[in-house]
Amino acid sequence: QVRLVESGGGLVQAGGSLRLSCAASRSICRINAMSWYRQAPGKQRELVAGMTRGGSTNYADSVKGRFTISRDKAKNTVYLQMHSLKPEDTAVYYCRLTVAAGPGLEYDYWGQGTQVTVSS
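These numbers were taken from a predicted model, which means no experiment stands behind them.

Caption draft 1: Just the overall build of the protein, in detail. Helix and strand content of the protein: zero helices and eleven strands. Its helices and strands in sequence order give the protein the pattern β-β-β-β-β-β-β-β-β-β-β, from N to C terminus. Projected onto its principal axes, the C-alpha positions of the protein cover 45 × 30 × 25 Å. The burial tally for the protein puts 40% of its 120 residues in the buried class. In the protein, 53% of the contacts between residues at least 6 apart in sequence involve partners at least 24 apart. Counting every atom, the protein has about 6600 Å² of accessible surface; 48% of that belongs to carbon and sulfur. Side chains of the protein carry 15 positive and 8 negative charges; the gap between the two charge centres is 6 Å.

Caption draft 2: Seen up close, the pattern of salt bridges. Scanning the model with the defined rule gives five salt bridges in all. Here E46 and R38 are joined by a salt bridge, their closest N and O atoms 2.7 Å apart. Residue E46 is classed as partly exposed on the basis of its relative accessible area, which comes to 35%. Between D108 and R96 there is a salt bridge; the shortest N-O distance is 2.9 Å. Residue D108 is located in strand β10 (residues 105–110), and its partner R96 is located in strand β9 (residues 91–102); the two are separated by twelve residues in the primary sequence. By sharing partners, the salt bridges in this structure join R38, E46, R66 and D89 into a single network.

Caption draft 3: Spotlight on the sheet that holds strand β3 (residues 18–24). Spatially, β1-β3-β8-β7 is the arrangement adopted by the four strands of the open sheet, whose pairing is antiparallel. In the strand order of this sheet, the two ends are held by β1 (4–7) and β7 (67–72), each with one partner. The sheet shows a mean angle of 15 degrees between the axes of neighbouring strands, taken without regard to direction.

Caption draft 4: Quick look at the state of the cysteines. Tallying each qualifying case throughout the model produces one disulfide. Disulfide partner of C22: C95, at an S-S distance of 1.9 Å. Negative torsions about the S-S bond denote left-handed disulfides, and the value of about 50 degrees found for C22 with C95 makes this one right-handed. Here the residue C22 occupies a position in strand β3, and C95 occupies one in strand β9, the gap between them amounting to 73 residues. Both residues of the pair, C22 and C95, belong to the buried class. Unpaired in terms of disulfides, C29 finds its nearest cysteine sulfur in C22, a separation of 17 Å. The exposed category is assigned to C29, whose relative accessible area is 78%.

About the criteria used
The residue count restarts for each chain, going from 1 along the sequence in the order it is written. Confidence filtering applies because this is a predicted model: local features only for residues at pLDDT of at least 70, side-chain atom pairs given and counted only at 80 or more, and all residues used for totals across whole chains, interfaces and linings. In computing side-chain values, all of the structure's heavy atoms are included and hydrogens and water are not. Secondary structure counts use DSSP, requiring at least four H or I residues in a row for a helix and at least two E residues in a row for a strand, with both numbered from the N terminus. We call a residue buried when its accessible area falls under 20% of the maximum for its residue type, exposed when it is over 50%, and partly exposed in between, using a 1.4 Å probe and counting protein chains only. Note on contacts: a residue pair qualifies if any of its non-hydrogen atoms lie within 4.5 Å across the two residues. Calculation of accessible area relied on Shrake-Rupley with a 1.4 Å probe; when residues are assessed, cover is drawn exclusively from the protein chains displayed. Charge counting treats Lys and Arg as positive and Asp and Glu as negative, with His and both chain ends excluded. Lysine's charge is taken at NZ, arginine's at CZ, aspartate's at CG and glutamate's at CD. We define a salt bridge as a contact between a side-chain nitrogen of Lys or Arg and a carboxyl oxygen of Asp or Glu at a distance within 4 Å. Strands are treated as partners if at least two bridges between them are detected by DSSP. Structural elements are reduced to axes, namely lines fitted to C-alpha atoms, with helices fitted over the stretch in contact, and the angle between N-to-C directions of any two is expressed from 0 to 180 degrees. Pairs of cysteine sulfur atoms within 2.5 Å are identified as disulfides in what follows.

Here it is, written out as structure tokens:
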């Protein structure tokens, strides 16, 4: 079993920066994808940024140019660097790891979430 622990959230003024971390409790061999989601009150959870095993990245239009997803394999950690934060970025942020679980099968691990609050 793998546990994901997120950190780095907090309260920041608009225009500020935060870096979120998502640390896995152990090394995982076959990670197919890593991603960050967020969920604001009263809204559905949405994809913010994703990275494939090959290193390709994708971002929600609302965060392009401001957020960057990255990975440190040695530390079993995924990061989300956030710049130029806006009040509408306020949400609980979750990391997700999609791992290969067998031929044609995948399994998702989720973190517990970390609150990001951006004040205007």
